Amino acid sequence: AQSVAQPEDQVNVAEGNPLTVKCTYSVSGNPYLFWYVQYPNRGLQFLLKYITGDNLVKGSYGFEAEFNKSQTSFHLKKPSALVSDSALYFCAVLTGGGNKLTFGTGTQLKVEL
Amino acid sequence: DTEVTQTPKHLVMGMTNKKSLKCEQHMGHRAMYWYKQKAKKPPELMFVYSYEKLSINESVPSRFSPECPNSSLLNLHLHALQPEDSALYLCASSQTHVSGANVLTFGAGSRLTVL
C-alpha cells in the first residue's frame, strides 16, 4: 500500500534556527508527494509538491523539501524558523492511481522565542 | 476568488436531528471532496465528486449523504448521527480529479458536535 510516515509527533525549534520536519514514503512507482500546513481551527494549506525533476522543491512561506529516492524521504525544511510557523504539518502522497490524497499522521511544530 | 467557503463554521446537533453542511467554490474546479478530521489527526477522505458525479465513497455510513447540485456547490446531509461523528468536516476542491498531481484547496471547515 502507498503511504507516508511522519516519525515525530512534535518538533520544537528556537526562532531563527533551521527546522526540519521528517517524512518517509512507501510507494511503488514514482511518488507524488505533498506538504500541507494546518493552523489552529483552520483548513489545510498547500505548501509544496514533488512530481518529478529537481529533487529540491521550493514552496510557500520560505519552505523547501528535498526528495531523496535512496532514503525514500521527503523532509520539509526552512533555514530560519519563525514563531508564526508553529502549526500542524502533514506530509501526503497520491494513492489509488492518483485518485486519493493520503496524509501522514502529522507533526506539530512549535517555534519558541 | 481563490477560496473554498464552508458554512456553518460550528454546528451542534442531537442524534435525531437532520442538518446539512455546505461548501462553495468559484475557482472553476471540477473536483470536490469531503474529509473528516478528528483532533490532532490527519484528515480522512469521505467522498469525491468529479464533474458533479460521485466518484469515490470511502465506505461512509449512510447517515452521511453527499450532494453536488452544481459544479460550485457541495453539500453533506447529516441524519441520525452518533456522538463519535463529532469532528471537523473539511471541504476541498481541485481543478480536476484524475490528473496526477492535484493540489487541493481546503475550506476552513465546519466543526460538528453531536450530543
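Look up a bit, the structure's there.
It should be emphasised that the depicted structure is a prediction, and the values quoted were computed from it without experimental measurement.

With that out of the way, let us pick up unusual backbone geometry. Of note, the bond from Thr7 of chain B into Pro8 of chain B is cis; its omega dihedral lies within 30 degrees of zero at -10°. Even without glycine at this site, Tyr61 of chain A takes up a positive phi of about 60°. With respect to the helices and strands, the residue Tyr61 of chain A is situated in the loop between strand E7 (56-58) and strand E8 (64-68). Positive phi, close to 45°, is recorded for Thr72 of chain A, a residue that is not glycine. Following the sequence through the fold, Thr72 of chain A ends up in the loop between E8 and strand E9 (73-78).

We now examine the packing of aromatic side chains. For the structure shown, the criterion picks out 14 aromatic pairs over all chains. A ring pair is formed by Tyr36 of chain A and Phe46 of chain A, whose centres lie 5.8 Å apart and whose planes are at 70°; its orientation type is edge-to-face. Of this pair, Tyr36 of chain A sits in strand E5 (residues 33-38) while Phe46 of chain A sits in strand E6 (residues 44-50), and the two are 10 residues apart along the sequence. For Tyr36 of chain A, a relative accessible area of 0% translates into the label buried. Ring centres of Tyr36 of chain A and Phe106 of chain B lie 5.8 Å apart, and the angle between their planes is 85°; this geometry places the pair in the edge-to-face category. Residue Tyr36 of chain A is located in strand E5, and its partner Phe106 of chain B is located in strand E10 (residues 105-106); the two belong to separate chains. The same class applies to Tyr36 of chain A as to Phe106 of chain B, namely buried. Aromatic ring contacts, followed pair by pair, group Phe34, Tyr36, Phe46, Phe90 and Phe103 of chain A together with Tyr33, Tyr35 and Phe106 of chain B into a single cluster.

Here the focus is the interface of chain B and chain A. With 22 residues of chain B at the interface, the matching set in chain A holds 21 residues. For the pair chain B and chain A, the summed buried area comes to about 1,700 Å², and 59% of that belongs to carbon and sulfur atoms. At the surface where chain B touches chain A, the tally comes to one salt bridge. In this structure, the salt-bridge partner of Glu58 of chain B is Lys100 of chain A, at a minimum N-O distance of 2.9 Å. Our count for the contact surface shared by chain B and chain A stands at three residue pairs in polar contact (both at pLDDT 80 or more). Of all the secondary structure elements, the ones that give two or more residues to the side of chain B that touches chain A are strand E4 (31-37) and strand E9 (87-94) of chain B. Looking at the side of chain B that touches chain A, its residues break down into 13 nonpolar, five polar and four charged.

Calculation rules
- Residues numbered from 1 in each chain as written.
- Chains lettered and ligands numbered in written order.
- Predicted model: local features only at pLDDT ≥ 70, side-chain atom pairs only at ≥ 80, totals over all residues.
- Heavy atoms only, no water.
- Helix = DSSP H or I, 4+ residues; strand = E, 2+ residues; numbered from the N terminus.
- Phe/Tyr/Trp six-rings, centres within 6.5 Å; stacked < 30°, edge-to-face > 60°.
- Buried < 20%, exposed > 50% of the residue type's maximum accessible area, 1.4 Å probe, protein only.
- Contact = heavy atoms within 4.5 Å.
- Buried area = accessible area lost by both parts, 1.4 Å probe.
- Salt bridge = Lys/Arg side-chain N within 4 Å of Asp/Glu carboxyl O.
- Polar contact = N/O pair within 3.5 Å; in protein donor to acceptor, adjacent residues only side chain to side chain.
- Nonpolar A, V, L, I, M, F, W, Y, C, P; charged D, E, K, R; others polar.

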